[in-house]
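As a plain string of letters, each chain reads:
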Amino acid sequence: MFEEYFPKIIKEALEKLSKIPTYGERTSSRFLYNFLKLPAEGRTDIINSLLSLSEKVKVCSECALISDTDPCRICSDPKRSKKFICVVEESQDAYSIERLERYTGVYHVLGGRIAPLEGVSPQDLNIDKLLERIERYNVKEVIIATNPNLEGEATANYLIKLLKRKFNRLKVSRISHGLQFGSLIELADELSLEKSIEKRTIFPE
Ligand SMILES: [Zn+2]
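Residues numbered from 1 in each chain as written. Predicted model: local features only at pLDDT ≥ 70, side-chain atom pairs only at ≥ 80, totals over all residues. Heavy atoms only, no water.

Caption draft 1: Region of the structure containing the overall build of the protein. Check the secondary structure of the protein and you find eight helices and seven strands. Here the C-alpha coordinates of the protein stretch approximately 65 × 35 × 35 Å along the principal axes. Residues counted as buried form 37% of the 205 residues belonging to the protein. Across the protein, contacts joining residues at least 24 apart in sequence account for 57% of those joining residues at least 6 apart. A total accessible area of about 13100 Å² is found for the protein, and carbon and sulfur atoms account for 55% of it. Taking the average location of the 32 positive side-chain charges in the protein and that of its 31 negative ones, the two points are 5 Å from each other. (Helix = DSSP H or I, 4+ residues; strand = E, 2+ residues; numbered from the N terminus. Buried < 20%, exposed > 50% of the residue type's maximum accessible area, 1.4 Å probe, protein only. Contact = heavy atoms within 4.5 Å. Areas by Shrake-Rupley, 256 points an atom, 1.4 Å probe, with all protein chains shown as cover. Lys, Arg positive; Asp, Glu negative; His and termini not counted. Charge placed at Lys NZ, Arg CZ, Asp CG, Glu CD.)

This is the structure in structure tokens:
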């Protein structure tokens, strides 16, 4: 019965939207119906902007940051020190840190976090390239800025152990203080985020 009454074009659009990672039925539905509330012109604007983004978007071959150039704007800026690498789960985390305009090193995007329940293991993350960069640029410090939640902590602990074992002179640090456990870097307020980077924990303590 429902199938009979439910518009096919909405059903199709919802199916496509639910392919976006973390978009379940509920998020897709909220997005779609609110999108349809916009005037036609506003909808076309969004679609055109997404089309252009989809055509032009690049992933930095160095740090895996989503950008419009490759290498990204940060990796290709000679003022940014390659001796400091800040490791994040996703591009948006790096851009949240960038907004503070304090960090002058480069980034490394893991493309996720270790999550055994979802079948994500270290091999699924962009870790080999990180090791290669540490060696190639004789990196001084790796700042691990994975999210302050269970999976982010597990990922950080894994990386700390791995990096300490492989590079005995490398300084490894973890952002910590000021961020609430269970929160996300991309949603953190600037003051807390800045404090967590400034007062980072250096390993071994
Ligand atoms: Zn880059």
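Caption draft 2: Fine view of the environment of Phe 31. Mapped onto the secondary structure, Phe 31 falls in helix H3 (residues 25-37). When the C-alpha atoms of Phe 31 and Tyr 103 are compared, they prove to be 34 Å apart, with 72 residues separating the residues in sequence. Apart from residues lying up to four places away in sequence, Phe 31 is in contact with Leu 17 and Tyr 23.

Caption draft 3: Layout of the side chain of Arg 174. Position of Arg 174 relative to the elements: it lies in strand E6 (residues 171-174). For Arg 174, the side chain forms a polar contact with the main-chain oxygen of Ile 144, separated by 3.2 Å. Each residue touching Arg 174, except ones within four places of it in the same chain, is listed here: Ile 144, Ala 145, Thr 146, Asn 147, Pro 148, Gly 152, Glu 153, Ala 156, Ile 160, Arg 200, Thr 201 and Phe 203. (Polar contact = N/O pair within 3.5 Å; in protein donor to acceptor, adjacent residues only side chain to side chain.)

Caption draft 4: Layout of helix H6 (residues 128-136). Among all positions in H6, only Leu 130, Leu 131, Arg 133 and Ile 134 are buried. With its buried residues spanning 165° around the axis, H6 presents them on a single face. Exposed side chains of H6 directed beyond 90 degrees from the buried face belong to Asp 128 and Glu 135. Looking at the packing, one finds that the buried side of H6 touches strand E3 (81-88), strand E4 (105-109), strand E5 (141-144) and helix H7 (150-166). Where H6 ends, the next residue or the one after it, Asn 138, has phi of about 50°, a positive value. (Arc of directions from axis to C-beta.)

Caption draft 5: The pattern of salt bridges, seen in detail. Tallying each qualifying case throughout the model produces 17 salt bridges. Across the pair Glu 62 and Arg 133 runs a salt bridge whose closest N-O atoms are separated by 3.4 Å. Of this pair, Glu 62 sits in the loop between strand E1 (58-59) and strand E2 (66-67) while Arg 133 sits in helix H6; the two residues are 71 residues apart in sequence, bridging distant segments of the chain. In this structure, Glu 62 and Arg 133 share a single accessibility class: buried. For the salt bridge of Glu 153 with Arg 174, the shortest nitrogen-to-oxygen distance reads 2.9 Å. Within this pair, whereas Glu 153 is found in helix H7, its partner Arg 174 is found in strand E6, the two being separated by 21 residues in sequence. When its relative accessible area of 4% is taken as the criterion, Arg 174 is described as buried. Among the charged side chains, a salt-bridge network with shared partners connects Glu 62, Lys 129, Glu 132, Arg 133 and Arg 136. (Salt bridge = Lys/Arg side-chain N within 4 Å of Asp/Glu carboxyl O.)

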